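Structure assessment
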Amino acid sequence: MSSTPATRPRVVVIGAGIVGCSLADELTARGWTDVTVLEQGPLPAPGGSTSHAPGLVFQTSPSRTLTAFARYTVEKFSSLTVDGVSCFDQVGGLELATTPERLADLHRRAGYAASWGVRGEIVSTDRCKELWPLLDRSAVLGGFHTPDDGLARALLAARAQMERATERGARFLDRHTVTGIEKADGRVTGVVTDRGTFPADHVVSAAGFWGPVIGRMAGVDVPLQPLAHQYARTRPLPELAGAASEASKPILRFQDRDLYFREHHDRIGIGSYAHRPLPVDPFGILPYDEARANGMEMPSSYPFTEEDWTPSWDDCRRLLPALRDTEIEEGFNGVFSFTPDGMPLLGESRQLRGFWLAEAVWVTHSAGVAKAVAEWMVDGRASIDLHECDLARFEDAQRSPSYVRERGSQQFVEVYDILHPLQPMERPRPLRVSPFHARQQQLGARFLEGGGWERPHWYEANAPLVDTLGPLPERDAWSARYWSPIAAAEARATREKVALYDMTPLRRLEVTGPGALAFLQRMTTNNLRKKPGAVTYTLLLDETGGVRSDLTVARLAPDRFQVGANSPADLDWLLRHAPQDVHLRDITSGTCCIGVWGPLARDLVQPLTRDDFSHEGFGYFRAKETYLGHVPVTAMRLSYVGELGWELYTTADLGLRLWDTLWKAGRRHGVIAAGRSAFNSLRLEKGYRAWGTDMTDEHDPYEAGVGFAVRMDKDGFVGQEALQGRAAQEPARRLTPLLLDDPSAVVLGKEPVYVDGAPAGYVTSASYGYTLGRCVAYAWLPALATGTGVHIDYFGEKIPATVAEEPLFDPKMNRIRR
């Protein structure tokens, strides 16, 4: 997107750390050259986290987005020099395993690397010793070597980008303390400092751990918790004497003891996450000059706490015997930022248009984040999926200061922990519960957590049903975590009888007003111009045709709709575009939902109501407001598990009565309560997509297999122009169903998929299909013919799988439409 001087937006970036400097460089490279970067400290080392960052860049992450950020950061910093010195030292990375559990986890991390396009390999103990001669060989079982990782010289990289941006017209002003944000009519208009006011069309807070302070000035919530993290340097080591370079060995991780290491010429730098969380109040962090006056080197550098360091120093000496003859020469507790889920905070505030966040970003991801935010600002969207980082992603219950502090502190603790993909947070729980919670507890529900909700994964009350099953495949220890054979019994009961599923965490929006229909028609892909009582599966797209979300929209009255959505960002997106005559509200917390599914669902529900629930009287994808017993409900004939049934909605105060009514009526039919584990298995057998996991705005509807929800003959919807002609084209990639060949094999998601021996894609969702007797995996792959053989890498083992034709179960929809 080009801009002329007359139309060039005025941008003020708050913070000249690595993120602010990277963003100024990326914006000016795209033609937005009227950029002012304000910094309260001195340049080029203003005293934030960038000024003390040790610079280790390990690219591989369970998050594809974070890995993409890190890859770009390595690429960009490797191309930058200052006074002949490179801004990135590609010494490689080495992660060590000293336990069998960690070695297995390194195989999993090697899988992530292959999935996301990072070079890496599992290496032997001898190779680890070769790469790091100071290691005690007897302590190491193996490692994960990533040759393209290394050390970012953060201050040099900031300076290099500052100089490039300045050449294009940007200006960097240090010693300017922000004291206020000016706004008018819901838009930002300027930034007030102790040295004057700077008009702005866009303001970006890249203030690091000061983000909440800037956010408060703008009236924008910034759920970020600064924490102190210990870093120390040893005295010179004889073994490193005469080092010709700053570092020659790979950056080193010893995750089993929450430690990392790097060279500083003839010294070793050591960072520790092993100590207790040390949260810091962002409103109490001193300005630069005040911090210096109080004897601190910089605002982000707190005094070293010896008592926290002692256990880690013992661990260091055991791993690196050369450290037994030296001591720590200097150390500090450096402050940096954590969010409740460990991801950055990016995007524009809806409450204050033109006010952007680029917060909770580590040096590792800095240039990648800056590129994405610059694309978002200039082009209207980033080139990669950012839903994990969207500032609108948190529920209201996840934004309290207590929650942010507790979860941010836990994220610090878990930085190097081996975390299962289903592992729930431990506290604060329970936070959000459905009206059925007490009954679920009575049935022995095993709860996991999502979005603050307690979500039953299976019910111990169904354990006797396991005896009626045939033999189930044995599971390895990893896939057996957060799983029970009870899930198989619950899936079978759903297929053969009837089950109740708590669908309360499903997000529900109410859209009303005289312009509601026209608004939803414009925002979504399918045709909603139907009589009241119709339910429609549809998509939210961005302007490029990427799938922002998928929705179910029920037209309950001419100007009243109930929308089943995915995340808080869906409501945020719709509110940004809603005209004056449309009203939107999130009704999730005040309502609840039970899915009644199975071949006996009609036998259970029909006696409870005078309305006709026959197939002729209540067709598929229809809605009806009725009563079940004493309970008013909105019934929608939908099924996410591939069986006959209804989603039944009522208000939260009547939820328990609804559960009890259905439970009592269902006893004669063998009703059970079933959990998310069975639910996920059943939905994958039908090929139903999960937005955010199976598809994002990086994918168009035809690639994702949801093109049936697009009506190109409809007048004017967001993304329509971008989709012109795509339906007739063969997609180069597809969301592809795979069946594992071995009936006993299981994968879980994010594993690399190999075609002809080379990585070609990755698994999105996977679960054992109990009806099919095979594990089902969906993966993004090049377009492949049905029957093509592939391999999925699971902890280093290549598991054969075959491209299947979907839907895998009940392709004629006979079970749902009866």
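The structure this text deals with has already been given above.
Here goes a summary of the coordinates provided. (Residues numbered from 1 in each chain as written. Predicted model: local features only at pLDDT ≥ 70, side-chain atom pairs only at ≥ 80, totals over all residues. Heavy atoms only, no water.)

1. Comments concerning the overall build of the protein chain
Where we set the bar: Numbering of helices and strands runs from the N terminus; a helix is a DSSP stretch of H or I covering at least four residues, while a strand is a stretch of E covering at least two. C-alpha atoms define the radius of gyration in this analysis, and the globule rule sets the expected value at 2.2 Å times the number of residues to the power 0.38. When checking whether two residues touch, look at their non-hydrogen atoms; a contact exists if any pair is within 4.5 Å. For the accessible areas, the method is Shrake-Rupley and the probe is 1.4 Å, while residue cover comes only from the protein chains on display. In this charge count, Lys and Arg are treated as positive and Asp and Glu as negative; neither His nor the chain ends contribute. Taken as the charge centre is NZ of Lys, CZ of Arg, CG of Asp or CD of Glu, depending on the residue.
In terms of helices and strands, the protein chain carries 21 helices and 42 strands. A globule of 818 residues ought to have a C-alpha radius of gyration of about 28 Å, and the protein chain, at 28 Å, matches this closely. Looking at the protein chain alone, contacts between residues at least 24 apart form 72% of all its contacts between residues at least 6 apart. Accessible area of the protein chain: about 31000 Å², with a carbon and sulfur share of 49%. A distance of 5 Å separates the average location of the 90 positive side-chain charges in the protein chain from that of its 103 negative side-chain charges.

2. As for the sheet that holds strand E26 (residues 499-502)
As a reminder of what qualifies: Between any two strands, at least two bridges found by DSSP are needed for them to pair. Note on method: axes are straight lines fitted to C-alpha atoms, helices fitted across the in-contact stretch only, with angles between N-to-C directions ranging 0 to 180 degrees.
In spatial order, the strands read E33-E34-E35-E32-E26-E36; together these 6 strands make up an open sheet with mixed pairing. One side of each edge strand has no neighbouring strand; the edge strands of this open sheet are strand E33 (623-628) and strand E36 (672-674). In this sheet, adjacent strand axes meet at a mean angle of 30° when their direction is disregarded. Bridge count for strand E34 (residues 631-636) against strand E35 (residues 645-651) is 3 bridges, and the pairing is antiparallel. Within E35, the residue paired with threonine 634 across the bridge is tyrosine 649.

3. Quick look at the environment of lysine 129
Relative to the helices and strands, lysine 129 is located in helix H5 (residues 125-131). Distance in space between the C-alpha atoms of lysine 129 and arginine 187 is 57 Å, their sequence separation being 58 residues. Contacts of lysine 129, omitting those with residues within four sequence positions, involve Leu134, Leu135 and Arg137.

4. As for the nonpolar core
Note the following rule: Within this scheme, the nonpolar core is defined by two criteria: the residues are buried Ala, Val, Leu, Ile, Met, Phe, Trp, Tyr or Cys, and they are joined through side-chain atoms within 4.5 Å. Here's how the labels work: a residue is buried when its accessible area is under 20% of the maximum for its type, exposed when over 50%, partly exposed in between, all with a 1.4 Å probe on protein chains only.
Ranked by internal contacts, the top residues of the largest apolar core, which has 51 residues, are Leu27, Phe77 and Leu346. Among the elements that take part in this core, helix H10 (residues 366-379) stands out by supplying 9 residues, more than any other. Of all hydrophobic cores here, the second largest spans 47 residues; its members include Leu469, Ala493, Val746 and Val790.

5. What to know about unusual backbone geometry
The general pattern is negative phi for most residues beyond glycine and trans for most peptide bonds. Going from arginine 429 to proline 430, the amide bond is cis rather than trans, its omega being -10°. When you line up the elements, proline 430 lands in the loop between helix H11 (401-413) and helix H12 (437-442). In this chain, glutamate 806 is followed by proline 807 through a cis amide linkage whose omega measures 0°. Positive phi, normally seen in glycine, also occurs at aspartate 756, with a value near 55°. Its location among the elements puts aspartate 756 in the loop between strand E38 (752-755) and strand E39 (758-769). Aspartate 756 gets classed as exposed once you look at its relative accessible area, which sits at 80%.

6. Brief notes about the pairing of strand E37 (residues 733-740)
Note: E37 against strand E40 (residues 774-782), 7 bridges, orientation antiparallel. The residue bridging arginine 734 from the neighbouring strand is leucine 781, located in E40. In the sheet, E37 pairs with strand E42 (residues 797-803) via 3 bridges, with the strands oriented antiparallel. Within E42, the position partnered with leucine 739 by the bridge is threonine 802.

Worth remembering: the numbers are spatial, not functional.
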